[in-house]
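Structure assessment
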Amino acid sequence: MTTSTNTGTNTGTDAGTSTNSAKRRGTLAATALAVLAAALPLTGAPAAQASAADAQGRPAWCPSVPGHRVDCTTMRRPLVADEPRLGGIDVSYAVVRHGRPGPALGTVALNPGGPGETLIDRAEQVAGALQGVLDDYDVLLLDPRGTGRSGRLPCDVTEAEYRWAPRAGQREAVAECAEELGPRARGYTSAATADDIDAARERLGAPELVLYGMSYGTYLMPVYADRHPERVEKMVLSGAYPVAFDSLARPGAQQVSLTLRRICERSGACDPDTAVHDLAAVTEQLRTRPLKVTATVGGERRTVLFTEDKLADLMYEPATRGIGLHPGEPGLLGALPAALHAFAAGDEGPLSALVRGEMEGTGSEDQASFLAVTCNDYVRTWDPDAPVPERRRQYRAALAAADPADFGAFSPEGWAAGQTDGGDNCLNWPRRGTARPQSTDLENLPDVPVLVLSGDLDTNTPEVNSRLSAAQFLHSSFVSVPNSGHLPEMESTGCALEISGSFIRTGEVGDTSCLAQIPPVTVVPVPH
């Protein structure tokens, strides 16, 4: 049964205590920025250096965290469990030890998303974000295989090249990546990473783990829970979606309009109906007359045709990422209503500037791990055992059967093509020599306390999906975090972090009155 925790009011707290608590939580949120900024793009990190060691015998790459002992290990794991001919892979992890005397109350295993986001080189930031938890709990930071300190996996497709390519170019990049990886691609799945985490747990001698997954981590952790149910103490899932999610991402399309309405209503800077009308007008224009934008990306001048699917990508991925961290600044989301309104009236300038800023901020990280995991694991609208022409027919049939009303202001084709981890992006992923979509038995999930956090402005993992994620478990609590996006921990007051930390310590949601203190997002005024 899923319980819902809604925004409350702060009662029974004197003004001085409330102010000090808000300042402390704000410091937590600011400290957490570097680790909680994870979403889809990969984060680069040096390759593992297992042979080098410091004076204490630790690997040279082992991070330091003030006030805490950090233990680091690289373990040799089979690349594919049932194919020894493919060899092995080095998987590295760090354990930040608890601060108080005596044994730890438990071990928290964290995954910040991606797929492909890393943790070891962010150990100090993680410790800052989880400093309350780290008083009593050890925290396990494992770089998923193919990333960071765990044998980085290249396929020569960068984030900038992949994200800003036309859709046909993205599908071709996926095919080229698969060709580069060859049979090794089978080794990069959520199941393999889940088993790596459990191997680390066994080495540590921890009987159970507290699983903390963010974004893609909310997919990975149920996979772990299915494969190792007796090893789960409790779970926190933030920015969550269910294992059996909609590969056309219809809930996200509907959330875009809802998010625009909410920021307009709460800020008073724009009219909600006008904002949604402008969005529909812009998507219609971009279908036939794309916007041409030129910017410097990765040191090179690049011109992009900003089509409906690129707007869908903008709204789905970056628009609501970490939007609550600096509520006094409009950011991308807060600037969109005015930019859409101007574009609908014939002025391309504001929207062009927003797109240019996004292009220039795109990274150059290799997308191999991201593509391998999503193309191996995620459910599709086609049969992965079918040849590509048949897959294409099945995909088109699925789009044709979809109700256009389920896609909000977007067309089904435009919205689906905007998903860098969905739609038809993996259409050309090989059927031979690679893994199959992840099968997770929901009935096998352990009956443990589960907390699901959702930002009520999140268009990437919208509230509808987070509620479905919570419904996968027998005893889950759902908390909607107002004025926050993807991920809800990235809001300015630190309230969401305080709620998750309390849940880790007690297994209960506890006081949520701090949610009422989260300020609304600033929005650029839209002229009437």
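A brief structural summary. Sequence order sets the numbering: in each chain, residues are counted from 1 along the sequence as written. Restriction of local features to residues with pLDDT of at least 70 applies here, the model being predicted, together with a cutoff of 80 or more for giving and counting side-chain atom pairs; totals for whole chains, interfaces and linings are based on all residues. The side-chain quantities take in all heavy atoms of the structure and omit both hydrogens and water.

**Re empty space enclosed by the protein**
A cavity, in this analysis, means grid points on a 1 Å lattice covering only the protein atoms where a 1.4 Å probe fits yet has no way out; a pocket is instead an open set bounded by protein on both sides within 12 Å along at least five of seven lines, and a residue lines either one if it has an atom within 4 Å of a point. Grid points are joined across faces, edges and corners, and a volume is the space filled by probe spheres set on the points. All told, the structure shown has 7 cavities of 30 Å³ or more when counted by the stated rule. Estimated volume of the largest cavity: approximately 220 Å³. Of the residues that constitute the lining of the largest cavity, the class distribution is 10 nonpolar, 9 polar and 2 charged. Under this grouping Gly is polar, as are all residues other than the nonpolar Ala, Val, Leu, Ile, Met, Phe, Trp, Tyr, Cys and Pro and the charged Asp, Glu, Lys and Arg.

**A closer look at the side chain of Arg 163**
Under the scheme used here, helices are H or I runs from DSSP no shorter than 4 residues and strands are E runs no shorter than 2 residues, and both carry numbers assigned from the N terminus. Topologically, Arg 163 is positioned in helix 4 (residues 159–164). Working rule for contacts: check all heavy atoms of both residues, and any pair within 4.5 Å makes them a contact. Ignoring sequence-local partners within four residues, the contact set of Arg 163 consists of Gln 170, Lys 310, Asp 313, Leu 314, Pro 318, Glu 358 and Thr 362.

**Comments concerning the nonpolar core**
In this text, buried Ala, Val, Leu, Ile, Met, Phe, Trp, Tyr and Cys residues form a nonpolar core when linked through side-chain atoms within 4.5 Å. Between buried and exposed lies partly exposed: a residue is buried under 20% and exposed over 50% of the maximum accessible area for its type, with that area taken using a 1.4 Å probe on protein chains only. Core analysis: the biggest nonpolar cluster contains 113 residues, and Met 235, Leu 311, Leu 336, Leu 351, Trp 415 and Trp 429 have the highest contact counts within it. When residues in this core are grouped by element, the largest group, 8 residues, is from helix 11 (residues 331–344). Not counting chain neighbours up to four residues away, the residues in contact with Leu 311 comprise Leu 279, Val 282, Thr 283, Leu 286, Phe 306 and Phe 410. Cys 62, Cys 72, Leu 134 and Ile 499 belong to the second-largest nonpolar core, a separate cluster that totals 38 residues.

**A closer look at the pairing of strand 3 (residues 88–96)**
The buried count for strand 3 comes to 7 of 9 residues, which makes it a mostly enclosed element. Relative to strand 3, strand 2 (residues 70–78) runs antiparallel, the two sharing 9 bridges. In the sheet register, Arg 76 faces strand 3, and the bridge partner there is Asp 90. Pairing between strands requires that DSSP locate at least two bridges from one strand to the other. Across 4 bridges, the pairing between strand 3 and strand 5 (residues 137–142) is antiparallel. Residue pairing across strands places Tyr 93 opposite Leu 142, the latter belonging to strand 5.

**Some points on unusual backbone geometry**
In this chain, Gly 114 is followed by Pro 115 through a cis amide linkage whose omega measures 0°. Although it is not a glycine, Ser 215 adopts a positive phi angle of roughly 55°. Examined against the element boundaries, Ser 215 turns out to sit in the loop between strand 6 (209–214) and helix 7 (217–227). Overall, Ser 215 belongs to the buried group, its relative accessible area being 2%.

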